[in-house]
Amino acid sequence: MAMEHLSDWARSRGNRPIPLYHSEGLNWSAESHPLILIGGVHGDEPEGVQLAEDTLSWLRQTSDQISLPWILIPCLNPDGYAVQSRTNDAGVDLNRNYPAKSWSPEAKGPRYHPGPYAGSEPEVLAVVGLIDQLQSRLIIHCHSWHPCIVMTGEPARRDAERLAKASGYKLQETIGYDTPGSLSQFGWFDRKIPIICIEEQEGTPLRQ
């Protein structure tokens, strides 16, 4: 199964293009239930972008052997990535802006600003549109902090255990603190789509 590329699938708050790749012939309906992988949610976590790009390179080499429909977004936050900032061009933490029931206007610091209201940011609305349109079987998002695999929703366990075994990272069911308005909260608790967060080691040397 080859891949296709949408170079301008969505636009960031700063009007930067957000590319998207997907398996060839993807059925853009809820019947396809693709796996969705997202990198670059936080612009100051380049390790997550590199992991997404490495996965894309692997898919390029093996796509003919893969029958599972998939979608891959290498960098959801090109605004922050361009200036090494956690937030987007409006200063919003995209992983606190999802229209989850848990969304809160409160933030523990400027880096975690949830936006003026839930779902205020175009990057988040683009992902919400994918979720509601396609009913993904699983969503994986890539970050960097301390190495771990965080699963949200029991249906994610099998895949999370495989990732933990392959990486040697600890498997856990929470990141260790509250994340109101996050993708994990919205995806699982509001849409019943299991979510896996891969945390790479922050500060890992990147390829030049």
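Residues numbered from 1 in each chain as written. Predicted model: local features only at pLDDT ≥ 70, side-chain atom pairs only at ≥ 80, totals over all residues. Heavy atoms only, no water.

Trainee: Please set out the packing of aromatic side chains residue by residue, giving values where relevant.
Mentor: Under the definition given, this model contains two aromatic pairs. Measuring from centroid to centroid gives 6.0 Å for Tyr98 and Phe186, while their planes differ by 25 degrees, and the two rings are stacked. Taken as a pair, Tyr98 in the loop between helix H2 (78–83) and helix H3 (122–134) and Phe186 in helix H5 (residues 183–190) lie far apart in primary sequence, 88 residues in all. Exposure class is identical for Tyr98 and Phe186. Each is buried. Residues Trp145 and Tyr177 carry aromatic rings whose centres are separated by 6.1 Å and whose planes lie at 80 degrees to one another, so their mutual orientation is edge-to-face. Separated by 32 residues along the polypeptide, Trp145 in strand S5 (residues 138–145) and Tyr177 in the loop between strand S7 (170–172) and H5 bring together distant segments of the chain. Among the residues examined, Trp145 registers a relative accessible area of 31% and is labelled partly exposed. What makes Tyr177 partly exposed here is its relative accessible area of 32%. In this arrangement the basic side chain of Lys108 is found over the ring face of Tyr177, its NZ or CZ atom lying 4.4 Å from the centre. Directly above the ring of Trp188 sits Lys192, whose terminal nitrogen or CZ lies 5.0 Å from the centroid. (Phe/Tyr/Trp six-rings, centres within 6.5 Å; stacked < 30°, edge-to-face > 60°. Helix = DSSP H or I, 4+ residues; strand = E, 2+ residues; numbered from the N terminus. Buried < 20%, exposed > 50% of the residue type's maximum accessible area, 1.4 Å probe, protein only. Lys NZ or Arg CZ within 6 Å of the ring centre and 35° of its normal.)

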